[in-house]
Amino acid sequence: MARIWIRLAYGAAITVAALAVLAIAFFIFANTGPGQDWVASLVKPLTNGKVSVEGVRGRFPDSLRVAHAELSDDHGVWLSIDNAAMDWSPFALIFNRLEAARIDAANVRVLRRPMNDSEDGGSDFLIDIAALKIGKLDTSAAISGRPASFTAEGSLRYGSLRDTVVKLDLERTDEAGSYQIDLTLRDGTAQGVAAIDEGRLGLIAGLFDLEDIGPINLYARASGPMNANTMVLGLKAGALEATGQGTLDLPGRRGRVDFSAHAPAMNPREGLAWESLEASGHFDGAFDEPSVSAHLEIRNLVSDANTVADLSADISGETGALDFTGSATGLRLADTDPGLFARAPVALKGHAQLKGPSQNITAAITHPAISIEGTYDLGKPARATASATIPNIAPFAA
């Protein structure tokens, strides 16, 4: 009996030694040119087509030099990297994670956001890079509104908008612009600062399709715990100026926010212009029963082929009941009789009940040419009803 156990132990020792020799041989082979080419060929099938690499050199597997790499999803390639030095954990890719202590790349191209097959279309790819340096970062119009090029240095962790840590210093190389971001978003709480200074044709202008708005300067700061998360915002976009400050208590579902914006005559993009713009607002209290007041007034607004001489709106209320009114004077809509709505103001009046057994929003739009009334019930399930009255159908049929 003892001899059997000795033989089993001897066989097990030989097996372990053989596996150790094979592992050593594999790592030696993987650190040769042919071996690294073979390892690179395995990355794509092992990651189910999500990652492919070419020209792998360096120390396998954690300190590599990669001539070219691509990250893909079911919709194709969303990011490519050229001439990169990576101190990373390659096996994390199997679990849909990019984890790296350092990435230094000559060129990175971001074509779009990564997508998955979830119903909300969000990203399930986690990026965690402790030290990042990119000689040339190119973003497509899908990311930045128009193609843009940057240098980048910092660190990045992105899992979702509820799990993001960004420390980045970006400088535009094709246009004037600098972007310094030191921001943490976690469970609905923001911490850090962001400072953006860009000239015409900048990143923000591209994202919002405002090619003629002029230089944009933005400063934002957030601090404090989840129950007292304080935020300050200052924005100059061409001649438009806006400020905002507030404190949010997410666990207590309360907040206090004040904002204001004003602008003289502007034409921020083709088909959008106004003579003057004024906006202000105040929110204080529980989310479901706040004290609210807000006002908006825009004169001689042009939006594509639609125009309105004076557009105004007001909201006021407290303890969960809000009233809102609005008016559009001199409204002229494309593809309709120019004088149909311009003859008299279009008026809006409504009420929102946000607390109590019957939570709903009611609204009515009135004009001599048409009247519309509607109710939206906020219960479960939500329901909406609406009706319209048109005294004379002829102007609409013309």
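Residues numbered from 1 in each chain as written. Predicted model: local features only at pLDDT ≥ 70, side-chain atom pairs only at ≥ 80, totals over all residues. Heavy atoms only, no water.

(A) How the structure looks around the overall build of the protein. Along the protein, the regular secondary structure elements total 5 helices and 23 strands. The buried share of the protein, taken over its 398 residues, is 34%. Carbon and sulfur atoms provide 61% of the accessible area of the protein, an area that totals close to 22,200 Å². (Helix = DSSP H or I, 4+ residues; strand = E, 2+ residues; numbered from the N terminus. Buried < 20%, exposed > 50% of the residue type's maximum accessible area, 1.4 Å probe, protein only. Areas by Shrake-Rupley, 256 points an atom, 1.4 Å probe, with all protein chains shown as cover.)

(B) Representation of the layout of surface pockets in the model. Each pocket or cavity is described by its volume, and for the largest pocket that value is around 1,700 Å³. Considering the residues around the largest pocket, the lining is formed by 49 residues, among which Leu156, Tyr158, Val166, Leu168 and Ile181 are closest to the centre. Looking at which element gives the most residues to the lining of the largest pocket, the answer is strand E5 (residues 126-139), with 6 residues. Classifying every residue of the lining of the largest pocket by side-chain character gives 41 nonpolar, 5 polar and 3 charged. (1 Å grid on protein atoms, 1.4 Å probe; cavity = no way out; pocket = protein on both sides within 12 Å on 5 of 7 lines; lining within 4 Å. Points joined across faces, edges and corners; volume = space filled by probe spheres on them. Nonpolar A, V, L, I, M, F, W, Y, C, P; charged D, E, K, R; others polar.)

(C) Focus on empty space enclosed by the protein. Scanning all chains against the criterion turns up 1 cavity of 30 Å³ or more. Approximately 80 Å³ is the volume found for the largest cavity. What lines the largest cavity is simply Val51, Val53, Ala69, Leu71, Ile81, Met86, Trp88, Leu93 and Leu98. Looking at the lining of the largest cavity, the elements that each hand over two or more residues are strand E1 (51-59), strand E2 (63-73) and strand E3 (76-88). Looking at which element gives the most residues to the lining of the largest cavity, the answer is E3, with 3 residues. Here the residues of the lining of the largest cavity are counted per class, giving 9 nonpolar, no polar and no charged.

(D) Looking closely at the confidence of the model for the protein. Looking at the protein, the pLDDT average stands at 83 and 85% of residues meet or exceed 70. Per-residue pLDDT stays below 50 along residues 1-23; that stretch engages in 0 contacts with residues further than four places along the chain or on separate chains. (pLDDT = per-residue confidence, 0-100. Contact = heavy atoms within 4.5 Å.)

(E) Representation of a negative patch on the surface. On the surface, Asp104, Glu153, Asp169 and Glu171 cluster together into a negatively charged patch. Tracing the backbone through its elements, the reader meets Glu171 in strand E7 (residues 163-172). Overall, Glu171 belongs to the partly exposed group, its relative accessible area being 32%. (Patch = residues over 30% accessible without salt bridge, like charges linked within 9 Å, V, L, I, M, F, W, Y side chains within 5 Å. Salt bridge = Lys/Arg side-chain N within 4 Å of Asp/Glu carboxyl O. Lys, Arg positive; Asp, Glu negative; His and termini not counted. Charge placed at Lys NZ, Arg CZ, Asp CG, Glu CD.)

(F) Region of interest: the pattern of salt bridges. A full pass over the atoms with the stated rule returns 17 salt bridges. Residue Glu99 pairs with Arg97 through a salt bridge whose shortest N-O separation is 2.6 Å. Classification of Glu99 as partly exposed rests on a relative accessible area of 25%. The partner of Arg157 in a salt bridge is Asp128, with the nearest N and O atoms 3.1 Å apart. One end of the pair, Arg157, is in strand E6 (residues 148-160); the other, Asp128, is in strand E5, and 29 residues separate them in sequence. Assessed through its relative accessible area of 24%, Arg157 is described here as partly exposed. Each of Asp128, Arg157, Asp163 and Arg186 takes part in salt bridges that share partners, so that together they form one network.

(G) Structural detail: the side chain of Asn360. With respect to the helices and strands, the residue Asn360 is situated in strand E21 (residues 360-367). Note on Asn360: relative accessible area 18%, which makes it buried. Among the polar contacts made by the side chain of Asn360, one reaches the side chain of Ser358 at a distance of 3.2 Å. Dropping the residues within four chain positions of it, Asn360 is found in contact with His351, Ala352, Gln353, Thr375, Tyr376, Asp377 and Leu378. (Polar contact = N/O pair within 3.5 Å; in protein donor to acceptor, adjacent residues only side chain to side chain.)

(H) Inspection of the packing of aromatic side chains at higher detail. All chains considered together, the criterion is met by 2 aromatic pairs. Geometrically, the ring pair formed by Phe150 and Tyr179 is edge-to-face, given 5.9 Å between the ring centres and 70 degrees between the ring planes. Pair noted here: Phe150 is in strand E6 and Tyr179 is in strand E8 (residues 177-186), with a separation of 29 residues, a long-range link. Neither residue differs from the other here; Phe150 and Tyr179 are each classed as buried. Between the aromatic rings of Phe283 and Phe287, the centroid separation amounts to 6.4 Å while the plane-to-plane angle is 55 degrees, which identifies the pairing as tilted. (Phe/Tyr/Trp six-rings, centres within 6.5 Å; stacked < 30°, edge-to-face > 60°.)

(I) Region of interest: the nonpolar core. One finds Leu98, Val108, Leu137 and Trp274 to be the most contacted residues of the largest nonpolar core, which totals 61 residues. Filtering out sequence-adjacent residues up to four positions away, Leu98 remains in contact with Trp88, Leu93, Ile103, Phe125, Leu126, Ile127, Asp128 and Ile129. (Core = buried A, V, L, I, M, F, W, Y, C linked by side-chain atoms within 4.5 Å.)

(J) Quick peek at unusual backbone geometry. Looking along the chain, the bond that leaves Lys380 and enters Pro381 is cis, with omega of 0 degrees. In this fold, Pro381 is placed in the loop between strand E22 (370-377) and strand E23 (383-389). One non-glycine residue, Asn300, adopts positive backbone phi at about 50 degrees. Summarising the element assignment, Asn300 is placed in strand E17 (residues 289-303). A positive phi angle, close to 50 degrees, is found at Thr319, a residue other than glycine. Within the secondary structure, Thr319 sits in the loop between strand E18 (306-318) and strand E19 (321-329). Accessibility expressed as a relative area gives 55% for Thr319, which makes it exposed.

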